[in-house]
Amino acid sequence: MPLIRPRSTAGIALITTLLLLYLWTSSTSSTTSSSPPVWRTPSYESYFWTTLPTHYPPKQIRPLPTSSPLRFPKIQAPPPSESPEALQTRLRRQAAIKQVFSKCWSSYKLHAWKADELAPVSGGQKNPFGGWAATLVDSLDTLYLMGMKPEFDEAVAAAATIDFTHTDLEEVNVFETTIRYLGGFLSAYDLSADPRLLAKAVEVGEMLYHAFDTPNRMPITRWPIHAAMAGAKQVAPAGLLVAEIASLSMEFTRLSMLTRDSKWFDAIQRIAEGMAAQQNSTALPGLWPLVVSAKDETYNIGNAFTLGAMADSAYEYLPKMSALTGGQLPIYREMYEAAMAAALKHNLFRPMTPTNEDILVAGSVKSENGVVTLDPQGQHLVCFLGGLLTVGGKLFSRQQDLDAARRLVDGCVWTYKALPRGIMPETFHMLPCPSSTCAWDEASWKKGILDRAKDADKALGADAVIKRDRLPKGFTSIPDRRYILRPEAIESVFVSYRATADPSLVEAAWDMFVAINATTSTQLANSAVWDVTLPRDQDAGMADSMESFWMGETLKYFYLVFAAWHEVSLDEWVFNTEAHPFRRLLP
């Protein structure tokens, strides 16, 4: 082998970069290799979170599975036919969505560069997620998918300078950090193969791994990071939300797959195995209670069960882990099927509507002494469920899931249309149909309104409450009238469209986008609003808030509805709960 003369430091740097790129790229090709981890660069070895001593190291590390990946049924339908006129309409709409994203990105860059969030009305900045540039990291894969290469390259260069050893926050939300930062870096790396992105993913992963440094290796999900940095011993909490402990699996597993270091997979698989063992001993077998204990590793005590806020992604990640790992871990399919059997039976209801739509809404339940009681509260956030059931139904050939999925998607679309601005509120209540029939009954609807009203309001009468609270027909209350730029409804519309090729979903998506942009657009970007029950000619009230998921999720899903059919195919990619696509392990 000839000697390479050191003609310049730039040349050496280039050769080193190419070598690392080869190693990192080759590490993605297989998870079955017995090769040792390749992530052992000098900067990694001296990184603070790598050198910080561990008080409670695991006694053993579960290896990544090595069996052959399964060949799952396809999720995506055959591509729909498209006339020249339809193609032009699709591209025009996609360009309009990209234009909104570009406007937001330009304002973020000008007013809040490397802050977590832009304040889209005042032009200020906010740092609720560690001050590590959440919007920048969350937007990396959106920039790439939209073909904004100069902006992507600039963002990657900026992301490479983020310091995950410093934050002004006293407490770090491990779940949010995982889905936004770790998920964002992993996805952008899977798309671009830029080694700087995998380097940052490892930095985040090493930091988060120390949240698991407890006697039983269970994580502290609201993590006092400065105490950990000072070397303090830690104990996992007795009470925490089930979503926060059960929604780390995709990101940690993908990091292990890419680095060939099983420690992150091992960390989350301990949680999955504990949850699986207790899944059928809860008060509502198949579902886990809203609050669980990491300290005691108990996942079966409690009587409140929901697929909505604070529990949602615990269920979302079950079929997605199967897709990600090529079905090598049967535990995830088994947990999914048990959970959905219970959810379809207890949590879903058909609401009474004035035109008798055959739709479903997902509510919450309590189970006490064998009696299950439904709270028919809908949430914008729980609109993810239609997409989840579509993915699970396709992967595991469960027609009952696919049937429920489409009715849930239609329910979310209907709820958007039912509000005066064409936007679903954050939470609402509806009247479940009787089991025997589902025909509109105005008297029953008004009685449902008074049953839910406060005592002081009952004397006013239903008509007065309807007028005061601006209740569309079918809604019995709207306790939270905000729209905070959430992505869940368009997420399920996108997944359902890819699975069915139904053109009505494209029109529904466009109507949703137009309505949202009309209500939330500011001079700088887009803002959450306080009240979507107000008519279009009144001010909905700008909240001066634009969470990173607006650019990382909502606009991405809108864009992908109008993308080419093969782009980010659901048969090759699986999205985490922050809409970051990871490459699936395929046969």
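Residues numbered from 1 in each chain as written. Predicted model: local features only at pLDDT ≥ 70, side-chain atom pairs only at ≥ 80, totals over all residues. Heavy atoms only, no water.

The protein chain is annotated in an unreviewed UniProt entry as alpha-1,2-Mannosidase of Trichoderma longibrachiatum ATCC 18648. According to the UniProt record, the Sequence similarities (unreviewed entry) comment for the protein chain reads "Belongs to the glycosyl hydrolase 47 family." A UniProt comment under Cofactor (unreviewed entry) is attached to the protein chain, and it reads "Ca(2+)". (UniProt positions renumbered as here; feature names shortened; annotations may be inferred.)

(A) Structural context of the environment of Lys366. Inspection of the secondary structure puts Lys366 in strand β10 (residues 364–368). In this structure, the C-alpha to C-alpha distance between Lys366 and His166, residues 200 residues apart in sequence, is 42 Å. Not counting the four nearest positions on each side in its chain, Lys366 is found in contact with Asn303, Ala304, Val371, Val372 and Thr373. (Helix = DSSP H or I, 4+ residues; strand = E, 2+ residues; numbered from the N terminus. Contact = heavy atoms within 4.5 Å.)

(B) Region of interest: the UniProt feature "binding site: Ca(2+)" (unreviewed entry) in the protein chain. Listed under "binding site: Ca(2+)" (unreviewed entry) in the UniProt record, and renumbered for this structure, are Thr577. Checked against the element boundaries, Thr577 lands in the loop between β15 (573–575) and β16 (581–583). When its relative accessible area of 14% is taken as the criterion, Thr577 is described as buried. Apart from residues lying up to four places away in sequence, Thr577 is in contact with Phe175, Ile179, Ser313, Glu316, Tyr317 and Glu553. (Buried < 20%, exposed > 50% of the residue type's maximum accessible area, 1.4 Å probe, protein only.)

(C) Here's a closer look at the sheet that holds β10. Across the sheet, which stays open at both edges, the three strands sit in the order β7-β10-β11 with antiparallel pairing between neighbours. This sheet does not close on itself; its edge strands, each paired only once, are β7 (304–305) and β11 (371–375). Relative to β10, β7 is paired through two bridges, and the arrangement is antiparallel. Looking at β10, one finds that Phe305 is bridged to Val365. (Pairing = 2+ DSSP bridges.)

(D) Focus on the sheet that holds strand β14 (residues 475–480). The strand order across the open sheet formed by three strands is β12-β13-β14, and the pairing between neighbours is antiparallel. Lying at the two open borders of the sheet, with one neighbouring strand each, are β12 (377–379) and β14. On average, adjacent strands in this sheet sit at an angle of 25° to one another, irrespective of strand direction. One ladder, built from three bridges, connects strand β13 (residues 427–430) with β14; its direction is antiparallel. When the sheet's bridge partners are listed, Met430 is paired in β14 with Phe475. Here helix α17 (residues 442–452) sits on the sheet in contact with β13 and β14, set at roughly 35° to β14. (Axes fitted to C-alpha atoms, helices over the stretch in contact; angles between N-to-C directions.)

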